[in-house]
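Residue-level listing of the chains:
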Amino acid sequence: MTVIKKETKTEDLSDYNKIYAISYDGYVQSYLNPLKIEASAIIEDSEQYLALKQAEITELKIFQKMEITTNETHLIKLDHLYEKNKFHLQRLWNKPEDITQHKFWLAPQCQCPKSHNESIFPSKSYIISENCLIHRHRLFKIT
Ligand SMILES: [Zn+2]
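If you're wondering where the values come from, they're calculated on a predicted model, not measured in any experiment.

Visitor: If you had to explain the pairing of strand β2 (residues 27–31) to someone new, which residues and values would you point to?
Guide: Two strands pair when backbone bridges link them, and strand β1 (residues 21–24) and β2 are joined in this way by 4 bridges, in the antiparallel orientation. Bridging across to β2, Tyr 24 finds its partner in Tyr 27. Counting the residues in the hairpin turn of β1 and β2 gives 2 residues, including Asp 25, whose phi is positive at 60 degrees.

Listed below in structure tokens is the structure:
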């Protein structure tokens, strides 16, 4: 199980789909929603748009690193990077920085109660498991 998909090659996409594809290593990972782009007043070939795609790839790279380590100090650093990148993404989407919108439980190896957190989203009171090496530092504010 890996967060990086190797199913659809970006080069096989139509020019239109390439505009919205988030690609990593030559493969499509996900697509940005054209309607959401328009609703957020973002121009497709702007620097902001390219930065937004780049920040989506950064999130994948952070998840990829989370997948291959069990070192808690490293995981905490990666969680800080994840949070910083999520705030960056919110600014790029022309949205206010809002931690209640971060679905941190999507991180690989996360032991927090995913379905509970998903069901109360968005919330100021997500449950963090004391067994989760990635997120339990948030309970005690260890930096
Ligand atoms: Zn967790």
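Visitor: Summarise helix α4 (residues 72–92); cite the residues concerned and give the values.
Guide: End to end, α4 covers 30 Å across 21 residues, agreeing with the expected 30 Å (1.5 Å per residue, within 8%). Among all positions of α4, only Leu 75, Leu 78, Asp 79, Tyr 82, Lys 86 and Leu 89 are buried. Seen along its axis, α4 keeps its buried residues to an arc of 105 degrees; they face one direction. Of the exposed residues in α4, the ones pointing more than 90 degrees away from its buried face are Thr 73 and Lys 84.

Visitor: Would you mind going over the nonpolar core in detail, with residue names and values included?
Guide: Counting residues in each nonpolar core, the largest one holds 12 residues, listed as Ile 62, Met 66, Leu 75, Leu 78, Tyr 82, Trp 105, Ala 107, Cys 110, Cys 112, Cys 132, Leu 133 and Ile 134. For this core, the element with the highest residue contribution is α4, accounting for 3 residues. Every residue in contact with Cys 132, bar those within four places of it in the chain, is listed here: Cys 110, Gln 111 and Cys 112.

Visitor: For unusual backbone geometry, give the residues involved together with the corresponding values.
Guide: In terms of backbone geometry, most residues other than glycine have negative phi values and most peptide bonds are trans. Put simply, Phe 121 and Pro 122 share a cis peptide bond, and its omega is -10 degrees. Relative to the assigned elements, Pro 122 resides in the loop between α5 (114–120) and α6 (137–140). Despite not being glycine, Asp 25 shows a phi value in the positive range, around 60 degrees. Note on placement: Asp 25 falls in the loop between β1 and β2. For Asp 25, a count of 12 C-beta atoms within 10 Å translates into the label exposed. In this model, Ala 41 sits at a positive phi of 60 degrees, which is unusual for a non-glycine residue. Tracing the backbone shows Ala 41 in the loop between α2 (34–39) and α3 (47–67). On the neighbour-count criterion, Ala 41 (8 C-beta atoms within 10 Å) is exposed.

Conventions adopted
Residues numbered from 1 in each chain as written. Predicted model: local features only at pLDDT ≥ 70, side-chain atom pairs only at ≥ 80, totals over all residues. Pairing = 2+ DSSP bridges. Helix = DSSP H or I, 4+ residues; strand = E, 2+ residues; numbered from the N terminus. Expected span 1.5 Å × (residues − 1). Buried ≥ 20, exposed ≤ 12 C-beta atoms within 10 Å, placed from the backbone. Arc of directions from axis to C-beta. Core = buried A, V, L, I, M, F, W, Y, C linked by C-beta atoms within 7 Å. Contact = placed C-beta atoms within 7 Å.

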